[in-house]
Amino acid sequence: MKILIIIPAYNESLNIERVVDNLIENYPEYEYLVVNDGSKDNTAEICQRRRYNLADLPINLGLAGAFQTGIKFAYRKGYDAAIQLDGDGQHDPRYIADMIKCMQDESADIVIGSRFINSKKNRSMRMLGATLLTAIIKMTTGAKISDPTSGMRLFSRNVLKEFANNMNYGPEPDTISYLIKNGSIIKEVPVTMSERIAGESYLNLKQSIKYMSLMCLSIVFIQQFRKRR
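Here's what I pulled together on the structure shown here. (Residues numbered from 1 in each chain as written. Predicted model: local features only at pLDDT ≥ 70, side-chain atom pairs only at ≥ 80, totals over all residues. Heavy atoms only, no water.)

### A closer look at the pattern of salt bridges
Operational definition: Should a side-chain nitrogen of Lys or Arg be within 4 Å of a carboxyl oxygen of Asp or Glu, the pair is scored as a salt bridge. Strands here are runs of E lasting at least two residues and helices are runs of H or I lasting at least four, both read from the DSSP assignment and numbered beginning at the N terminus. Buried residues are those whose accessible area, probed at 1.4 Å on protein chains only, stays under 20% of the maximum for their type, while exposed residues exceed 50% and partly exposed ones sit between those limits.
Tallied over the entire structure, the rule returns 5 salt bridges. Among the salt bridges present, the one from aspartate 147 reaches arginine 115, with a minimum N-O distance of 2.7 Å. Taken together, the residues aspartate 147 in the loop between helix H5 (125-141) and strand E6 (153-156) and arginine 115 in the loop between strand E5 (110-114) and H5 connect sequence positions 32 residues apart. By relative accessible area, aspartate 147 is classed as buried at 0%.

### Some details on the sheet that holds strand E3 (residues 54-57)
Just so we agree on the cut-off: When DSSP finds two or more bridges between two strands, those strands count as paired. Only the contacting stretch of a helix is used when fitting its axis, a line to C-alpha atoms as for every element, and angles between N-to-C directions run 0 to 180 degrees. Whether two residues are in contact is decided by their heavy atoms: any pair within 4.5 Å suffices.
With mixed pairing, 7 strands are arranged side by side in an open sheet as E3-E2-E1-E4-E6-E5-E7. In this open sheet, the two edge strands, each paired with only one partner strand, are E3 and strand E7 (186-190). Taken pair by pair, the neighbouring strands of this sheet meet at an average axis angle of 20°, ignoring direction. Of the pairings in the sheet, the one linking strand E1 (residues 3-9) to strand E4 (residues 81-84) comprises 4 bridges and is parallel in character. Looking at E4, one finds that isoleucine 3 is bridged to alanine 81. The sheet strands contacting helix H3 (residues 62-76) are E1, strand E2 (31-37), E3, E4 and E6, and the helix crosses E2 at an angle near 145°.

### Focus: the environment of aspartate 147
On a C-alpha basis, the gap between aspartate 147 and phenylalanine 116 in space is 6.1 Å, while along the polypeptide they are 31 residues apart. Not counting the four nearest positions on each side in its chain, aspartate 147 is found in contact with Ile112, Gly113, Ser114, Arg115, Phe116 and Glu188.

### Examining H3
Here is the rule we go by: Helices are assigned an expected span. That span is 1.5 Å times one less than the residue count.
The terminal C-alpha atoms of H3 lie 22 Å apart, and with 15 residues this matches the ideal 21 Å at 1.5 Å per residue to within 8%. Downstream of H3 by one or two residues, glycine 78 has phi in the positive range, about 80°.

So, in structure tokens, the structure goes:
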């Protein structure tokens, strides 16, 4: 399979070289694209200086906009599948081969790299929110997704087409729930993730609570009225 690794990056100047150099040196079988999401630091300058494969957005579009930029690129360039890896280095590319195998063996539309197939969630507010999302997705779709907030997801060619041509497909749990309801096959593969080494996540406590609340509202109510084209 021809795979594209999409790396959304916002203010990741302290991490981006480590992430991309690891791919270049240890995983040359995969192609990659850094999507600089209007960073205010020198993320773009680093990528340009190092001659990384770069899509440089002039303004900050947020994760959904950066993600869709990468998805559109992958679809238009004919990739068989694309996977999102965060620019902070938390996602380990050594699991990509397992995710590809799962997609091929199970004819999956999306494969999620899950932290919680073989281990329990901790008791942090963020993980309590993830547990709630798992329960709500199970209640509304009948499917158990153990790690709905994982950003490490592999998307098949069919899903690339749908995401690339529709503006309201974000890389979020409510989209996963919506696709399950509409017959998509979603599978999970066990992975481990690292803690962020440098820089700060945009999801502080306040933002995490807001995010989880919006996701729950969307899954329970908004997705009920959404039509799949």
